Amino acid sequence: MKIFLITVLAGFLSLFGGDLHLLSVPNADGKYNAAVIEKALEANGFVISANSEMNGPFKIQFGQSDFTQFNLLTAYHKVHSETLVKANPDAGIFVPMGFGIYQRSGEKELHVSILSAEAMAKIAGFKAKEFPLIEKEALSVLKKALPNAKVSTSETSLPAEGKLLSRYVKASSKESWTSDKEETEMMIEDGLKPAGFVMSNFTDYNFALGEKSPFDFYDTYSICKLKVIYTVAKTRPEAAAFAPCTLMVYKKKDANEIVMGFPGVYNWMSSARVSDPEGKAVLMQAQKDFEAVLQSTVE
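Since the model is a prediction, treat every value here as computed from it, not as a measurement.

**Let's talk about the packing of helix α3 (residues 55-62) against helix α9 (residues 226-233)**
Between α3 and α9, the least distance of the axes is 11 Å, while the angle of their chain directions is 100°. When the axis of α3 is compared with that of α9, the two are roughly perpendicular. In this structure, α3 contributes P57, F58, Q61 and F62 to the contact, and α9 contributes L226, K227, I229 and Y230. Here the contact of α3 with α9 is composed, by residue class, of six nonpolar, one polar and one charged.

**Thoughts on unusual backbone geometry**
Apart from glycine, the bulk of residues carry a negative phi angle, and the bulk of peptide bonds sit in the trans form. At the junction of V95 and P96, the peptide bond is cis and its omega measures out at 15° in the coordinates. Mapped onto the fold, P96 is located in the loop between α4 (78-87) and β4 (97-104). The step from A243 to P244 runs through a cis peptide bond, and the omega angle for that step is -10°. Unlike most non-glycine residues, R273 shows phi in positive territory, near 55°. Inspection of the secondary structure puts R273 in the loop between α10 (266-271) and α11 (277-298).

**Considerations on the sheet that holds strand β11 (residues 257-263)**
In spatial order, the strands read β7-β11-β10-β9-β8; together these five strands make up an open sheet with antiparallel pairing. Among the strands making up the open sheet, the edge pair consists of β7 (165-171) and β8 (198-204). Between one strand and the next, the sheet's axes are offset by a mean angle of 15°, whatever the strand orientation. Strand direction decides the pairing type here: strand β9 (residues 215-224) and strand β10 (residues 245-252), joined by eight bridges, are antiparallel. Bridging across to β10, S222 finds its partner in T246. Contacting β7, β9, β10 and β11, helix α7 (residues 177-192) runs over the sheet at an angle of about 0° to β9.

**Re the environment of A128**
Mapped onto the elements, A128 comes out in the loop between α5 (117-124) and α6 (130-145). On the accessibility criterion, A128 (14% relative accessible area) is buried. Residues A128 and A87 lie 41 residues apart in sequence; the distance between their C-alpha atoms is 8.9 Å. Each residue touching A128, except ones within four places of it in the same chain, is listed here: L84 and N88.

**Here's the deal with the sheet that holds strand β3 (residues 67-77)**
The sheet built from six strands is open, its strands ordered β2-β3-β4-β5-β1-β6 with antiparallel pairing. At either margin of the open sheet sits one strand with a lone partner, and together these are β2 (46-53) and β6 (150-153). Here the average twist between neighbouring strands, direction ignored, is 20°. For β4 and strand β5 (residues 109-115), the ladder comprises three bridges, and the chain directions are antiparallel. Its bridge partner being in β5, Y102 is matched across the sheet by H111. Lying on the sheet, helix α2 (residues 34-42) is in contact with β2, β3, β4 and β5; it crosses β2 at an angle near 170°.

Reading the values: the criteria
In this convention, every chain numbers its residues from 1, walking through the sequence in written order. Confidence filtering applies because this is a predicted model: local features only for residues at pLDDT of at least 70, side-chain atom pairs given and counted only at 80 or more, and all residues used for totals across whole chains, interfaces and linings. Remark: hydrogens and water are excluded; side-chain values derive from all non-hydrogen atoms of the structure. Note on method: axes are straight lines fitted to C-alpha atoms, helices fitted across the in-contact stretch only, with angles between N-to-C directions ranging 0 to 180 degrees. Strands here mean DSSP runs of E at least two residues long; helices mean DSSP runs of H or I at least four residues long; both are numbered from the N terminus. Small angles under 35 degrees read as roughly parallel and large ones over 145 as roughly antiparallel, with 65 to 115 read as roughly perpendicular and the rest as oblique. Only heavy atoms enter the contact rule, under which two residues are in contact if any of them lie within 4.5 Å. Note that Gly is not counted as nonpolar here; it falls among the polar residues with everything else outside the nonpolar set of Ala, Val, Leu, Ile, Met, Phe, Trp, Tyr, Cys and Pro and the charged set of Asp, Glu, Lys and Arg. DSSP calls a pair of strands paired once it identifies at least 2 bridges connecting them. Under the scheme applied here, a residue whose accessible area is under 20% of the maximum for its type counts as buried, over 50% as exposed, and between as partly exposed, the area being computed with a 1.4 Å probe on protein chains only.

Structure below.
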């Protein structure tokens, strides 16, 4: 009786869905791929930050891949992201946002995973009208690019084991921010390499915001660690929606501080339900290493 009740409860909870939108499209002939999705996003209001093919790196570093396709595509909506970040600076952790694109070897379907609007709000710690707008635009583009795709949501997320947003603040000023920025970003870049992180993209978002930007600077880094992606993808490839991780570094013109932040690996374990020991171990090591790099910049 107890087992029956647990099963019923699990089924009931699954009706509410989880934090990821999942699309699956028949693709035995390989017609659909990351290039098709990239082209559709570019044609419909999104700016592509990177489209990284991971199979090559997997085979070079690990000698094999479980996938025929595995791409980490990152992009941001040109209009909605600007409005969002100007009003809510910490939303830069989604500029760009991730599109996980993958197809296992021998499988006849291509899959895409992206964050839901509710998940974005949960991670950022606030609600904003732009989250549903970005979600709507992204899903609309994906449905156009993959017309026969089945759309679903992930399983209900697991309880978070830590902070979903890792945020650090460094004192600065109107007079010193230029040198503070240079020192901070140099320390970040120098610290990431020894820890095994790779920067797949750098975005000077302040340039995109233009002369009316409320920031002295606003930069985002797309950061990934190949071992993390490879290990987690074996059991939870949909977690690719979180990779690469977007690190925001910014200073508002009216503030005396530089803010740094990124979505913690606790999102992977919660939203993508990464629970196997090996996957959790590499994620927690990445979290520890990433936090150490940022902590060093504020000490």
